Amino acid sequence: MRRVRVRVVDQHSVARNVCRLWIEAESPVSWTPGQFFHIRVGEGTEHVLRRPISLCEAADDRRFALVYRVIGAGTRWLADRRPGEPLDVLGPLGKGFPLHSGDRRALLVGGGVGVPPLVQLARELRRQGTAVISVVGFREAADVMLVEELAARGQVRVVTEDGSAGTRGRVTDALTNDVVDGADRFYACGPTPMLRALQERLGRRMPGYVSLEERMGCGIGVCMGCAHLCRTPDGGTAYRRVCTDGPVFPVEEVVFS
Amino acid sequence: MKDADPRSKGKGQELHHDAPVVDLSAEVAGIRLKNPVMPASGCFSYGREMARWYDLSRLGAIVVKGTTLEAMPGNPPPRVAETPAGMLNAIGLQNPGVDRVIAEELPALRPYGVPVIVNVAGSTVEEYVEVARRLAASPDVAALELNISCPNVRCGGMHFGTDPAMAAEVTSAVKAVSRHPVFVKLSPNVTDVVALARAVERAGADGLSMINTLVGMRIDPERRRPVLANGFGGLSGPAVKPVALRMVYEVSQAVRLPVIGMGGIAGGEDAVEFLMAGASAVAVGTANFMNPTACVDIIEELTDWCRRHGVRAVRELIGAAWRAK
Ligand SMILES: Cc1cc2nc3c(=O)[nH]c(=O)nc-3n(C[C@H](O)[C@H](O)[C@H](O)COP(=O)(O)OP(=O)(O)OC[C@H]3O[C@@H](n4cnc5c(N)ncnc54)[C@H](O)[C@@H]3O)c2cc1C
Ligand SMILES: Cc1cc2nc3c(=O)[nH]c(=O)nc-3n(C[C@H](O)[C@H](O)[C@H](O)COP(=O)(O)O)c2cc1C
Ligand code: FES
């Protein structure tokens, strides 16, 4: 865990209001898919909280792509960074997606800006010989992104709410038996209603992991700001830290209220 | 992966190896500190995670998370929200309870050889007293800090901090069972902070910590609801610094107790301002979230500031801005 001096290498739009930012670290760092970077935004003390953005692609141990939606002041500032500029970044932080080398097939499910962390995950799964099938959902055609990247590693099904690209509906509608049967495990990242539905639909059929989102303070485990309710081994519940105990949790441990 | 940022190690010394040595030592309520900088409660957990970022033995002291008699689950999320140059938090004192803190957390800090101040919270006088009684038996405690000013737990904490009579009652009750110096952490959510400070001084407090967070809120216009699940939260960070400075300045002149000053400290010069306002030491909270090495960076910046201004000992700065001087 460390603070890394990184430089912006490249930044382009990949979908409506979504940017892909390539950064290069001064020295190599170790990483796993599903981890995140905690990025300082703005000048001076205007923004006291860093912004968490997932690792989307790793070219090697120094060059990483982050894909993010521009939604507020912090991501707007980030979208204005140009090649050569420095960034103050912590990470990669948190616990990423565990890989199980015996798996023959994995099902990846992503919604909106939950899709980015699945890209490097798909690569790592393929590298160990696990077949990958991805189901990704977006609002409409203008939001669709990263399909080529996922398609390079396996089958992809695209779903949009209005049917303007792929099939119409939600990701859960696309989880037909031919997709689900034969999968040894699922991995998911996306909005809470999607994760809750997956816990119900897939949780009993196969083991799985979900990547959670909560508002973060420190990002390094000291403030208890990023709490999410989880089940404890003794049958109770307790708030756990998304930043250090997660963001990825085994699906059966998570409580969606 | 490396554990600590190499730039945070000994930068000052290398740049100024022939510069005069600055005496950073400080003392609060009889506790000697090698420098006046410590993390603020709740912004450092119990230290384990921070130990991965720098050597904790460099700190003047360590102040741990608010600790209660029983484990506290904490509030539902969202618990934090950003505000201009600050943030709101409503953590709800999530902590494992005093017994586990004594058994598991405090011993882990022993190797650093730094005084440990335990922040104590409760919802009744009896609860504060019982936590203090149990901590009195721990060999790992240097002082207690009574959190009578937490805005985030229902019926807990803050009503003690806004009523001088109750603040005095909890202070003297804890003093009666504690063998450690007792700091009382004051709430800024009062009209007369000096009256509170005087009340706890008379009740036997050994020092004051100030300020805790200011109660505030944010509203999400789209949802037409408060942003925090708790509704209200505590405001901290650079936005509160002017309020904190004013309160430290007023209180430190009105009482004889040493003051640990905090509220928006993000750089060495902020620490200098608090010392000049009358604080004997300073605590750093929200700045740890901007930058995990904030505490040790501030120690270096404070040292550099003293060198540049010909200050031989940081103690000289304490109260330098008081009117009477
Ligand atoms: C572990 C993790 C990984 C993430 N990965 C990605 C990613 O790969 N791509 C992507 O587009 N987004 C991702 N997000 C969401 C991203 O952090 C927010 O969209 C971003 O912080 C918004 O910042 P802003 O200043 O533009 O928005 P504002 O709304 O102005 O932000 C105000 C505050 O709210 C926080 N915030 C706002 N929205 C979210 C959110 N959805 N989740 C957490 N905090 C939020 C901000 O961090 C900031 O502290 C991730 C979130 C988490 C927790
Ligand atoms: C996330 C968070 C948690 C906190 N928890 C506690 C706590 O448990 N006990 C306490 O006395 N103060 C707590 N505080 C208040 C700080 O210790 C400090 O008084 C306040 O934040 C002002 O300092 P700052 O502006 O440097 O953060 C907390 C503050 C924050 C931001
Ligand atoms: S964000 Fe501070 S503990 Fe997770």
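What you are looking at is a predicted structure, and each value in this text was computed from that prediction instead of being measured.

Definitions and limits used
- Residues numbered from 1 in each chain as written.
- Chains lettered and ligands numbered in written order.
- Predicted model: local features only at pLDDT ≥ 70, side-chain atom pairs only at ≥ 80, totals over all residues.
- Heavy atoms only, no water.
- Phe/Tyr/Trp six-rings, centres within 6.5 Å; stacked < 30°, edge-to-face > 60°.
- Helix = DSSP H or I, 4+ residues; strand = E, 2+ residues; numbered from the N terminus.
- Buried < 20%, exposed > 50% of the residue type's maximum accessible area, 1.4 Å probe, protein only.
- Lys NZ or Arg CZ within 6 Å of the ring centre and 35° of its normal.
- Near = heavy atom within 4 Å.
- Polar contact = N/O pair within 3.5 Å; in protein donor to acceptor, adjacent residues only side chain to side chain.
- Areas by Shrake-Rupley, 256 points an atom, 1.4 Å probe, with all protein chains shown as cover.
- Nonpolar A, V, L, I, M, F, W, Y, C, P; charged D, E, K, R; others polar.
- Disulfide = S-S within 2.5 Å.
- Pairing = 2+ DSSP bridges.
- Salt bridge = Lys/Arg side-chain N within 4 Å of Asp/Glu carboxyl O.
- Domains from an automatic or database assignment.
- Contact = heavy atoms within 4.5 Å.
- Buried area = accessible area lost by both parts, 1.4 Å probe.
- Axes fitted to C-alpha atoms, helices over the stretch in contact; angles between N-to-C directions.

Observations concerning the packing of aromatic side chains
What characterises a pair of aromatic rings is the spacing of the ring centres plus the angle enclosed by the ring planes.
No. 1: What the rule picks out here adds up to 3 aromatic pairs over all chains.
No. 2: Relative to Phe64(A), the ring of Phe37(A) has its centre 5.3 Å away and its plane inclined at 55 degrees; by these criteria the two rings are tilted. Separated by 27 residues along the polypeptide, Phe37(A) in strand E3 (residues 36–39) and Phe64(A) in strand E6 (residues 63–69) bring together distant segments of the chain.
No. 3: Given a relative accessible area of 1%, Phe37(A) falls into the buried group.
No. 4: The ring of Trp77(A) has Arg81(A) lying over it, and the distance from NZ or CZ to the ring centre is 4.0 Å.
No. 5: The ring centre of Tyr239(A) lies 4.7 Å from the NZ or CZ of Arg79(B), which sits over that ring.

A word on the site of ligand 1
Residue and element names in this part refer to chain A.
No. 1: The local shell around ligand 1 holds 18 residues, among which Arg51, Pro52, Arg69, Gly74 and Thr75 are the closest.
No. 2: At a separation of 2.8 Å, an oxygen atom of ligand 1 approaches a polar side-chain atom of Arg51.
No. 3: At 2.4 Å from an oxygen atom of ligand 1 is found a side-chain nitrogen or oxygen belonging to Thr75.
No. 4: Alone, ligand 1 offers 830 Å² of accessible surface; in the complex the protein occludes 87% of this.
No. 5: For the shell around ligand 1, the elements supplying multiple residues, two or more each, are strand E4 (51–54), E6 and helix H1 (73–79).
No. 6: For the shell around ligand 1, the element with the most residues is E4, which contributes 4 residues.
No. 7: For the shell around ligand 1, the per-class residue count stands at 9 nonpolar, 4 polar and 5 charged.

Remarks on helix H2 (residues 116–127) of chain A
Residue and element names in this part refer to chain A.
No. 1: Of all the 12 residues making up H2, 10 are buried; the element is thus mostly covered by neighbouring parts of the structure.
No. 2: All of the buried residues in H2 are Pro116, Pro117, Leu118, Val119, Gln120, Leu121, Ala122, Arg123, Glu124 and Leu125.
No. 3: Looking at the residues trailing H2, positive phi occurs at Gly129, about 90 degrees.

Description of the state of the cysteines
Residues and elements named next belong to chain B.
No. 1: Across all of its chains, the model carries 0 disulfides over all chains by this definition.
No. 2: The structure places no disulfide on Cys295, whose sulfur is separated from the nearest cysteine sulfur, that of Cys43, by 9.1 Å.
No. 3: Cys295 sits in the buried class, given a relative accessible area of 0%.

Observations regarding the sheet that holds E6(A)
All names here are of chain A.
No. 1: If you trace the 7 strands from one edge of the open sheet to the other, you get E4-E3-E7-E1-E2-E6-E5, paired in antiparallel fashion. This sheet does not close on itself; its edge strands, each paired only once, are E4 and strand E5 (57–58).
No. 2: Of the strand pairs in this sheet, strand E1 (residues 3–15) and strand E2 (residues 18–25) are connected by 8 bridges, and their pairing is antiparallel. Within E2, the position partnered with Ser13 by the bridge is Cys19.

Concerning the pattern of salt bridges
No. 1: For the structure on display, the rule yields 31 salt bridges over all chains.
No. 2: Between Arg110(B) and Asp140(B) there is a salt bridge; the shortest N-O distance is 2.6 Å. Placement of Arg110(B) in the loop between helix H2 (98–105) and strand E7 (116–120) and of Asp140(B) in the loop between helix H3 (125–136) and strand E8 (143–147) is noted, with a sequence separation of 30 residues between them.
No. 3: A salt bridge links Asp270(B) to Lys241(B), with the nearest nitrogen and oxygen atoms 2.7 Å apart. Separated by 29 residues along the polypeptide, Asp270(B) in helix H8 (residues 268–277) and Lys241(B) in helix H7 (residues 241–254) bring together distant segments of the chain. Each member of the pair Asp270(B) and Lys241(B) is classed as buried.
No. 4: Taken together, the salt bridges that share partners define one network made up of Arg20(A), Glu57(A), Arg123(A) and Glu149(A).

What to know about the domain arrangement of chain A
All names here are of chain A.
No. 1: The domain boundaries assigned to chain A delineate domain 1 (3–93), domain 2 (97–211) and domain 3 (213–257).
No. 2: With centres defined by C-alpha atoms, the gap from domain 1 to domain 3 works out at 23 Å.
No. 3: Residue-level contacts link 7 residues of domain 1 with 8 residues of domain 3.
No. 4: Across the interface of domain 1 and domain 3, roughly 570 Å² is buried in total on both sides, 69% from carbon and sulfur atoms.
No. 5: For the interface between domain 1 and domain 3, the tally reads 0 salt bridges.

Comments concerning the sheet that holds strand E13 (residues 208–211) of chain A
Residues and elements named next belong to chain A.
No. 1: Spatially, the 7 strands line up as an open sheet ordered E11-E10-E9-E8-E12-E13-E16, and their pairing is mixed. Each end of this open sheet is capped by a strand with a single partner; those strands are strand E11 (167–168) and strand E16 (248–250).
No. 2: Alignment of strand E10 (residues 154–160) against E11, held across 2 bridges, turns out to be parallel. By the bridge assignment, Val159 is partnered in E11 with Thr167.
No. 3: Sitting on the sheet, helix H5 (residues 192–202) is in contact with strand E8 (105–111), strand E12 (185–189) and E13, with an inclination near 165 degrees to E12.

Comments concerning the interface of chain B and chain A
No. 1: Each side of the interface is counted separately: chain B has 38 residues, and chain A has 29 residues.
No. 2: Roughly 3,000 Å² of surface becomes buried between chain B and chain A when both sides are summed, with 59% attributable to carbon and sulfur atoms.
No. 3: The interface formed by chain B and chain A contains 2 salt bridges.
No. 4: Where Glu49(B) meets Arg241(A), a salt bridge forms, and the shortest distance between an N and an O atom there is 2.9 Å.
No. 5: The tally of links between chain B and chain A comes to 10 residue pairs in polar contact (both at pLDDT 80 or more).
No. 6: Elements with a contribution of two residues or more to the side of chain B that touches chain A: strand E5 (80–83), strand E6 (86–89) and helix H9 (287–290) of chain B.
No. 7: Sorting elements by how many residues they give to the side of chain B that touches chain A places E5(B) first, with 4 residues.
No. 8: Grouping the constituent residues of the side of chain B that touches chain A by class yields 20 nonpolar, 10 polar and 8 charged.

Notes on the site of ligand 2
Residues and elements named next belong to chain B.
No. 1: In the neighbourhood of ligand 2, 22 residues make up the surrounding shell, with Ser41, Lys185, Gly237, Gly264 and Thr286 lying closest.
No. 2: Here Lys185 contributes a side-chain N or O atom positioned 2.8 Å from an oxygen atom of ligand 2.
No. 3: Burial of ligand 2 by the protein chains amounts to 98% of its free accessible area of 610 Å².
No. 4: Here the shell around ligand 2 is composed, by residue class, of 6 nonpolar, 14 polar and 2 charged.

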